[in-house]
Amino acid sequence: MRPIDGGRIVQPALTVSAEDARSTRPRKPLPLSFLLAGIAVLGAVIYLVYANTQANAVYYMTVSELKHCSVCTTQAVRVAGVVQAGSVVRDEQKQLITFVIVDGNQTLPVTYSGVVPDIFRPGIQVVVEGYYTKVSPFLAQTLLAKCPSKFQSATPVNQ
Amino acid sequence: MYFSDLGTVSLILALGFALYTMIVAVIGAMRNQPQLVASAQRSVLAVTFFLILASAALIISFLTHDFGVSYVAQHSNLAMPWYFTAAAFYGGQEGSLLYWALTLSLFSAIFVFTAKRAPVVLIPYVVATLMGIETFFLIMLTTVSNPFVRILAPSDGNGLNPLLMDPGMLVHPPMLLMGYMSFSVPFAFAVAAMVTGNLSSDWLRSIRRWTLAAWSIQTTGLVLGAWWAYHVLGWGGYWGWDPVENAALLPWLTATAFLHSTMVQERRGMLKVWNRALVILSFALSIFGTFEVRSGVISSVHSFAYSDVGSYFLVFLAIVIVFSTGLFLFRLPKLHAEQEFDSVISREGVFLLNNLLLVGMAFATLWGTIFPLISAVIRRQTMTVGPPFYDQVIGPLLAVLILAMGVGPLLAWRRTSSAALWRNLGVPTIIAAVCAAVLPLAGVTDILANIGFSLCAFTAAASLYELWRGMCVRHSHGEPYLLALYMLFNRYRQRYGGYVVHLGLVLLTVGVIGSHFFQIQQDALLKPGQDMNVAGFRLTYLGNLDTKEPDKEIITSQLQIWHDGQLQSYIYPGRTFYHNFDDQPASQISITTFGVTDLYVFLADWTGASQATIRVFINPLVPLVWYGGLLMLLGGILCWWPVRTKRAAVRVSQTSDVSRSQKSAGIESKGIVV
């Protein structure tokens, strides 16, 4: 059998002793300290992922799903849609903008305050994140325009 | 006959040679016929030649504005400067796949030229694996994603997306794509090692340098991407945890883990299974990233041109995973650790911790990225997680990682006596404590930021202190300090290159903490003569300018920056409208750096000549992110740089390894029980 020679070049003495050790005594399981440390780290990672998923997950809904949503007054939700032509109204002084997004045959009025993305205009796809009370327009906290990225071909808006 | 026809023919020939290489290399290896293997190696060079030819054909088609080529017409126009026209080569899907294939063939050619350094039995399988990957790309390039498809030529092309008309375009995409691609070589080594059953550590020495190269390229690509986003997108940040960014980070994290755990295998013959898994995982994640970006299964703010290519990548990813997992399980019984773990408080203990943290980060990032899919399956409701999720998960893990980075190099292999540990940790601990005490006085009251800064201080101090002690030891043998420093880097390039990388990451982390906790944002609607005051800076708005050029129109606002009662400079944040991309203006962001603080000014909106909405971000410490990135790249290159090139490489690297480990026992590890 060909001896496994990793490390032999680097540290001859150690490898020889290790080979002796393997032939004379049975394989020792991983030391308890390693096991405990490993479990602690893995546990921490899993806890962090789990807890933060619970805390930060946001529903991603279609407009029709949103209309039947009962928890969306208190829980942030993301909705995607296309900005309807002629629906954009800007209030320069309060930096407020209202518009309607269309998703299939459903429409949803949205109000948003803040800086509007460069490429925002009727006809583009946007994602809004915020709260919805059914009686008033969707209160968006973030407005994301789908930005055509590096590999997009040249006429993104018409797609 | 057009250049594009030459391109198509070259691609088909390259595909033929790639298939030939794969088959002949494997047959040559199985029948033990060296002449077949040699033929396969030459055939790799043929593949490289034809891909260079195809790429040249595409670039010439661009530069000669041959709009009869659909891809050229879609991604360039007559008005673009020649360098963007040439860079449009990788500006779209077909071209970026050709670029992938080209760089892979170049790396394969480099491998062939340096093959005598690699273990002989591995060569045919490495070549076969590389050409297997190349075959996949060439099949796509010749069928569904051919950049040379001809159309009836329009009089002018569409031009490049305005966001891409930026110097970043010239450097970031080629780096990142090359980074993705370069994980192929370590993967090919791992496959070759498992196929041949040559499971010794020989291949690790070859693979480590290839991974170091991949790591350095990917680091550069990531930092350049962050820099580009910062200068172009106008939201004041450089990293948004977008699925597309995450996809690039994932293989980087696993490759970083591998670069550390491979040292444990080299020194102590342990973690063999783990190392192979990391190499395979890095490559699979780089393919996953490409798939995710192309397929549209995950909704991203970046929307790419979705096409069938995504499903091809999914099939390829499945093949890669099934094939390598199968090989892996087949060889698992032969992968014994040669030694056993002794103590957690040891170098290998910290390496294990580092690996768990990095893989944990990769897992968390992957989880967040594909969470919409997971939740759709489990809860029957699509949900997403945003940047807060990543900040809160990655933040604590990064903090522990930074701490481990400081402690690890101070520990000896196998076990460290607590006396030696405290002797090494004393100075850095005191410095960190001083930092923690002084920061609140300097105005840093945020407890998390303070912990972060202090951990960074600890690790920076530990790394620099190590360097200093190394210099002192050499100095006591009669070398002047500067020569001692040079000799340290010259002799123990990997070790000290590693410290440089660590210092770079610490610097980068300081920048991240600064911009995460202390960013100030302020908006103002201004008329000429009006001021806005932000964090000691006064901005006076003067009016809007409108510049008309043949292919574009630029609107800029003119502002003065006043600081300490002095006029510092005039700035012109604005917006560029390219005529053929009217609906997609590109922001001109004004970034002025004062020491380590960026004043980031964005023209949010304007009306006529005399009204503008200005958004200002004060971004403390962000320049450190770029300096840190540079330092990491420098460290990566230092680690990668060949030790000596004069004599036969394998012998040299072995003997120098021996002398290095003996010397390190003698001089370097003063006071540490090895």
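Residues numbered from 1 in each chain as written. Chains lettered and ligands numbered in written order. Predicted model: local features only at pLDDT ≥ 70, side-chain atom pairs only at ≥ 80, totals over all residues.

**What to know about the overall build of chain B**
So, point 1. A tally of regular secondary structure across chain B gives 20 helices and 12 strands.
So, point 2. Relative to its length of 674 residues, chain B is compact, with a C-alpha radius of gyration of 27 Å against a globular reference of 26 Å.
So, point 3. Oriented by its inertia axes, the alpha-carbon framework of chain B measures out at about 75 × 75 × 60 Å.
So, point 4. Looking at chain B residue by residue over its 674 residues, the buried ones come to 51%.
So, point 5. Taking all contacts inside chain B whose residues are at least 6 apart in sequence as the whole, residues at least 24 apart take part in 74%. (Helix = DSSP H or I, 4+ residues; strand = E, 2+ residues; numbered from the N terminus. Rg over C-alpha atoms; globule rule 2.2 N^0.38 Å. Buried ≥ 20, exposed ≤ 12 C-beta atoms within 10 Å, placed from the backbone. Contact = placed C-beta atoms within 7 Å.)

**Overview of the overall build of chain A**
So, point 1. The helix and strand tally for chain A stands at 3 helices and 8 strands.
So, point 2. Of the regular secondary structure in chain A, the N- to C-terminal order runs α-α-β-α-β-β-β-β-β-β-β.
So, point 3. Split into buried and exposed, the 159 residues of chain A put 30% on the buried side.
So, point 4. Long-range pairs, those at least 24 residues apart, make up 45% of the contacts in chain A with a sequence separation of at least 6.

**A word on unusual backbone geometry**
Residues and elements named next belong to chain B.
So, point 1. If you check the backbone angles, Asn-32 has positive phi at about 60° while not being a glycine.
So, point 2. Even without being a glycine, Ala-535 presents a positive backbone phi close to 45°.
So, point 3. Tracing the backbone through its elements, the reader meets Ala-535 in the loop between β4 (531–534) and β5 (537–548).

**Re the domain arrangement of chain B**
For interface size, the figure often reported is the accessible area lost on association.
Residue and element names in this part refer to chain B.
So, point 1. Taken as a whole, chain B is organised into domain 1 (1–160), domain 2 (198–414), domain 3 (415–516 + 625–668) and domain 4 (520–623).
So, point 2. Taken together, the contact between domain 2 and domain 3 spans 27 residues of the former and 28 residues of the latter.
So, point 3. The element contributing the most residues to the side of domain 2 that touches domain 3 is helix α9 (residues 202–232), with 11 residues.
So, point 4. Of the residues contributing to the side of domain 2 that touches domain 3, the split by class is 17 nonpolar, 6 polar and 4 charged. (Domains from an automatic or database assignment. Nonpolar A, V, L, I, M, F, W, Y, C, P; charged D, E, K, R; others polar.)

**As for helix α12 (residues 309–331) of chain B**
So, point 1. Its 23 residues place the ends of α12(B) 33 Å apart at the C-alpha level, agreeing with the 33 Å of an ideal helix rising 1.5 Å per residue.
So, point 2. Taken together, the buried positions of α12(B) are occupied by Val309(B), Tyr312(B), Phe313(B), Val320(B) and Ser324(B). (Expected span 1.5 Å × (residues − 1).)

**With respect to helix α8 (residues 184–196) of chain B**
Residue and element names in this part refer to chain B.
So, point 1. Taking 1.5 Å per residue as the helical rise, α8 with its 13 residues ought to reach 18 Å, and the 18 Å between its terminal C-alpha atoms agrees with that figure.
So, point 2. Burial analysis of α8 places 12 of its 13 residues in the buried class, the great majority of the element.
So, point 3. Along α8, the residues that are buried comprise Ser-184, Val-185, Pro-186, Phe-187, Ala-188, Phe-189, Ala-190, Val-191, Ala-192, Ala-193, Met-194 and Val-195.
So, point 4. Phi for Gly-197, located one or two positions after α8, is positive at around 75°.

**Here's the deal with the sheet that holds strand β10 (residues 590–594) of chain B**
Residues and elements named next belong to chain B.
So, point 1. Pairing is antiparallel in the open sheet, where 4 strands are placed in the order β3-β12-β11-β10. Each having just a single partner strand, β3 (520–526) and β10 make up the two edges of the open sheet. The mean angle between the axes of side-by-side strands here comes to 20°, regardless of whether they run parallel or antiparallel.
So, point 2. Two elements, β10 and strand β11 (residues 597–606), share 5 bridges in a ladder whose sense is antiparallel. In the strand pairing of β11, Ser-590 is matched with Val-601. (Pairing = 2+ DSSP bridges. Axes fitted to C-alpha atoms, helices over the stretch in contact; angles between N-to-C directions.)

**Side note on the nonpolar core**
Across soluble globular proteins, nonpolar side chains have a tendency to be buried as a group.
All names here are of chain B.
So, point 1. The biggest cluster of nonpolar side chains holds 215 residues, and the ones touching the most others in it are Ala-14, Ala-101, Val-126 and Phe-189.
So, point 2. In terms of residue count, α9 provides more of this core than any other element does, 16 residues in total.
So, point 3. If we skip the residues at most four places from it in the chain, Ala-101 touches Leu-51, Glu-134, Phe-137, Leu-138 and Leu-141. (Core = buried A, V, L, I, M, F, W, Y, C linked by C-beta atoms within 7 Å.)

**Details of the environment of Phe99(A)**
All names here are of chain A.
So, point 1. Turning to its location among the elements, Phe-99 is positioned in strand β4 (residues 96–103).
So, point 2. On the basis of neighbour counts, which here come to 26 C-beta atoms within 10 Å, the residue Phe-99 falls in the buried class.
So, point 3. Separated by 25 residues in the primary sequence, Phe-99 and Ile-124 have C-alpha atoms spaced 12 Å apart.
So, point 4. Every residue in contact with Phe-99, bar those within four places of it in the chain, is listed here: Val-83, Gln-84, Ser-87, Val-88 and Val-110.

**Comments concerning the packing of helix α16 (residues 447–476) of chain B against helix α18 (residues 493–518) of chain B**
All names here are of chain B.
So, point 1. Across the interface, α16 lies against α18 with an axial gap of 10 Å and an inter-helix angle of 160°. Here α16 lies roughly antiparallel to α18, going by the angle between them. The interaxial crossing formed by α16 with α18 has left-handed handedness. Listed contacts from α18 to Ala-449, Gly-452, Phe-453, Cys-456, Thr-459, Ala-460, Ser-463, Glu-466 and Leu-467 of α16 are Tyr-496, Tyr-499, His-502, Leu-503, Val-506, Thr-509, Val-510, Ile-513 and Phe-517.
So, point 2. For the contact of α16 with α18, the per-class residue count stands at 12 nonpolar, 5 polar and 1 charged. (Parallel < 35°, antiparallel > 145°, perpendicular 65-115°, else oblique. Left-handed = near helix turned anticlockwise from the far one by under 90°.)

**Let's talk about the pairing of strand β2 (residues 77–83) of chain A**
Residue and element names in this part refer to chain A.
So, point 1. By the criterion of burial, β2 is predominantly enclosed, with 5 of the 7 residues buried.
So, point 2. As defined by bridge partners, strand β1 (residues 58–61) adjoins β2 across 3 bridges and the pair is classed as parallel. Looking at β2, one finds that Tyr-59 is bridged to Val-77.
So, point 3. Taken together, the 6 bridges between β2 and strand β6 (residues 125–131) define a ladder with antiparallel strand orientation. Bridge assignment links Val-82 to a residue of β6, and that residue is Gln-125.

**Points about the packing of α18(B) against helix α19 (residues 622–640) of chain B**
All names here are of chain B.
So, point 1. Here α18 crosses α19 at 165°, and the two axes come no closer than 7 Å. The angle between the axes of α18 and α19 places the two elements in the roughly antiparallel class. Relative to α19, α18 is oriented so that their crossing is left-handed.
So, point 2. Counted by class, the contact of α18 with α19 contains 17 nonpolar, 11 polar and 1 charged residues.

**Section: the pairing of strand β8 (residues 574–578) of chain B**
All names here are of chain B.
So, point 1. Bridge count between strand β6 (residues 552–563) and β8: 5 bridges; the pairing is antiparallel. What sits directly across from Ile-554, in β8, is Thr-576.
So, point 2. The sheet contact formed by β8 and strand β9 (residues 586–588) spans 3 bridges and is antiparallel. Counterpart to Arg-575 in the pairing with β9 is Ser-587.

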